[in-house]
Amino acid sequence: MKMINRHLMLPAVAAALVTGMAHAQTTTAPTTAPEAESETKVELPDLTEIITTLEELRGLNFVKEVPAEQQSLDDFDAYIVKSIDEMFPEDVRTNLSDGLLTLGMITEPLDLGEAFRQALLTQAGAYYDPAQGTFFYLMVDMPMMALQTIAAHELTHALQDQHFDLNKYLEDVMAMTMDDIRQDDAILAARSLVEGEATYIHTLFQFKQMGMDIEQGMPMVRTAMKMQAEMDLDELVKMSQQMMEQQFGKLDDDNDLAKSIEAMDEIPDYIIKPLIGAYMIGANFVMEVHDAKGWGGVNSIYEARPASMEQVLHPQKYGTDLPTPVVLPDLQALDGWQKIDAAVHGEFFMMTWLENLGVRRSVAKKAAAGWDGDTYAAFRSPDGDVIAVLATTWDSEKQAKEFAKAACEGLFGTDDRKLLNKAIDMASGGFVHQANMTIEGPAGVKKSREAFGINGKNVFVIRGGNAGLHDALFDELLDLEIVTVP
């Protein structure tokens, strides 16, 4: 299964450029017609000084000129739509949406191609295209300092491209998809390096622009990077709005910058959280590597990229804690069903999944932190029913139970630890499904069809289907041998 070429387009998005030190980034492309744009004289940044500063900050020199152009919203939209239509056709979108909805990774039926298109149209302020070696301004109605920050971010991508060949880097990651299993975890980790470095560099650039000494200002940079990496989306939006007011005062509701921040609330978590996370969590990851090993250490990551978001979220694990492959068996209980979607989601998406089930963020974050490997697959019956199977493995049996409790909190609508412990005991070495669930929390027992089971460090979740099908599937799943990677 191919995925949209979004991984080769590197946009500067709202939260990455609004938060940070003392700047704001507008993120909605121009809504004026191209004719009106041509009549409006807009002063764009002089890139000469920015390039010199970036070379000094990064310790790498540009080997060739980087063209910078202003692109209309219509042209940008056409670029997005073309990529979606070519690499993310409608039947794939439908299957992916149905599978993720059944699993609970998304909470309502979506055309994911359209949702992603809208996310970029409301959040992208500029982007670098490695295929052309050019970066494009999408919005220029903003203060010069913000435009300079955009240019610094996108020129960092150009610098990466010239030294590390971003097309090959990102295409190699995309090529890891085998047997129609998307490597969402590894792809997000790869993007987090690229976007994280650009975010880290543009933050250092801002310090220089404000006349601050980088060495003296590093404690402030570290504090900000760590804080932003820990924020949830609501906190990030609130912080972005505060930064806007600090920079520009109270903005009108129809201001492009204000609208772009407000639009973040309308974008599904499955899209907006990894989009923003690549910048914020990635920036902290790059900063940690830079602090420990200098820019030479950062350079080396392009050869030995992070294997998972676990390594990005926990930089001390980079290079040491490799994910364990989880391979679903050929499920005989689903003979005659068509596989419609499959993916490795990783720690970041597991946390998002738990939150989507209604689990508190603090609980979801702690539960996902013991992740060691997973595979999800969705299947459609000849009658059109969809079932999702999630197989996970964890660093220890204790952490497997921690995840199982969090999953049950969402699946069964209760945070009563006694009831959850009872469910875990019932499922250990076996399974629990809604048809024979005897515990009932404040929210009652849901009518949705779901089940879970535990076998040592492995936790399995099934959503959809019925009790009889659950029984047959768990007979196969609980025999699954998962060999942990040290």
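The following refers to the structure shown. (Residues numbered from 1 in each chain as written. Predicted model: local features only at pLDDT ≥ 70, side-chain atom pairs only at ≥ 80, totals over all residues. Heavy atoms only, no water.)

1. Quick notes on the overall build of the protein
Of the regular secondary structure elements, the protein holds 19 helices and 10 strands. Across the 486 residues in the protein, those meeting the buried criterion constitute 59%. When contacts within the protein are restricted to residue pairs at least 6 apart in sequence, long-range pairs at least 24 apart make up 74% of them. Total accessible area computed for the protein in this model is approximately 19600 Å², and 48% of it derives from carbon and sulfur atoms. (Helix = DSSP H or I, 4+ residues; strand = E, 2+ residues; numbered from the N terminus. Buried < 20%, exposed > 50% of the residue type's maximum accessible area, 1.4 Å probe, protein only. Contact = heavy atoms within 4.5 Å. Areas by Shrake-Rupley, 256 points an atom, 1.4 Å probe, with all protein chains shown as cover.)

2. Concerning the pattern of salt bridges
Summed over all chains, the structure comprises 20 salt bridges. Notably, a salt bridge pairs lysine 273 with glutamate 355, separated by 3.3 Å at the nearest N-O pair. Remark: glutamate 355 occurs in helix α15 (residues 346–356) and lysine 273 occurs in helix α13 (residues 269–301); sequence separation between them is 82 residues. With respect to burial, lysine 273 and glutamate 355 carry one shared label: buried. The salt bridge partner of lysine 317 is aspartate 321, with a shortest N-O separation of 3.8 Å. Aspartate 321 shares its class with lysine 317; the two are buried. In the salt-bridge network here, residues are joined through shared partners; they are Asp77, Glu114 and Arg117. (Salt bridge = Lys/Arg side-chain N within 4 Å of Asp/Glu carboxyl O.)

3. Structural notes on the environment of lysine 401
Inspection of the secondary structure puts lysine 401 in helix α17 (residues 397–412). A residue is classified by how much of its surface remains accessible, and lysine 401, at 37% relative accessible area, is partly exposed. Considered as a pair, lysine 401 and isoleucine 454 are 53 residues apart in the sequence and their alpha carbons are 8.0 Å apart.

4. Observations concerning the nonpolar core
With 128 residues, the main nonpolar core has Leu112, Tyr200, Tyr270, Trp353, Leu354 and Phe452 as its most contacted residues. Sequence-distant contacts of tyrosine 200, defined by excluding residues within four places in its chain, comprise Met218, Val221, Met225, Ala283, Val286, Met287, His290, Asp291 and Trp295. In terms of nonpolar packing, the next biggest core, distinct from the first, is built from 22 residues, Val326, Leu331, Phe379 and Phe460 among them. (Core = buried A, V, L, I, M, F, W, Y, C linked by side-chain atoms within 4.5 Å.)

5. A closer look at the packing of helix α9 (residues 184–209) against α13
Taken N-terminus to C-terminus, the directions of α9 and α13 make an angle of 65°; their axes are 5 Å apart at the nearest point. Viewed along their axes, α9 and α13 adopt a mutual orientation that is roughly perpendicular. Judged by the sense of rotation from one axis to the other, the crossing of α9 with α13 is right-handed. Its residues placed into classes, the contact of α9 with α13 shows 14 nonpolar, 6 polar and 5 charged. (Axes fitted to C-alpha atoms, helices over the stretch in contact; angles between N-to-C directions. Parallel < 35°, antiparallel > 145°, perpendicular 65-115°, else oblique. Left-handed = near helix turned anticlockwise from the far one by under 90°. Nonpolar A, V, L, I, M, F, W, Y, C, P; charged D, E, K, R; others polar.)

6. Topic: the layout of surface pockets
For the largest pocket, the calculated volume is near 690 Å³. Ile181, Gln183, Val326, Val344 and Thr375 are, among the 34 residues lining the largest pocket, the residues nearest its centre. Broken down by secondary-structure element, the contributors of at least two residues to the lining of the largest pocket are α9, β5 (338–343) and β6 (371–380). In terms of residue count, the dominant contributor to the lining of the largest pocket is β6 (7 residues). Grouping the amino acids of the lining of the largest pocket by side-chain chemistry returns 21 nonpolar, 6 polar and 7 charged. When its volume is computed, the second largest pocket comes out at roughly 460 Å³. (1 Å grid on protein atoms, 1.4 Å probe; cavity = no way out; pocket = protein on both sides within 12 Å on 5 of 7 lines; lining within 4 Å. Points joined across faces, edges and corners; volume = space filled by probe spheres on them.)

7. Side note on the side chain of threonine 392
Within the fold, threonine 392 resides in strand β7 (residues 386–394). Separated by 2.7 Å, the side chains of threonine 392 and tryptophan 394 make a polar contact. In contact with threonine 392, other than residues within four places in its own chain, are Met350, Gly373, Asp374, Phe403, Lys457, Asn458 and Val459. (Polar contact = N/O pair within 3.5 Å; in protein donor to acceptor, adjacent residues only side chain to side chain.)

8. Here we look at the pairing of strand β3 (residues 124–129)
Of all the 6 residues making up β3, 6 are buried; the element is thus mostly covered by neighbouring parts of the structure. Here 4 bridges tie β3 to strand β4 (residues 134–137), and the two strands are oriented antiparallel to one another. Residue pairing for β4: aspartate 129 is matched across the bridge by threonine 134. (Pairing = 2+ DSSP bridges.)

9. Section: the packing of helix α16 (residues 361–368) against α17
Where α16 meets α17, the closest approach of the two axes is 8 Å, and the angle between their N-to-C directions is 145°. The interaxial crossing formed by α16 with α17 has left-handed handedness. Residues Val363, Lys366 and Ala367 of α16 touch α17, and the partners they reach there are Glu402, Phe403, Ala406 and Glu409. Taken together, the residues of the contact of α16 with α17 break down into 4 nonpolar, no polar and 3 charged.

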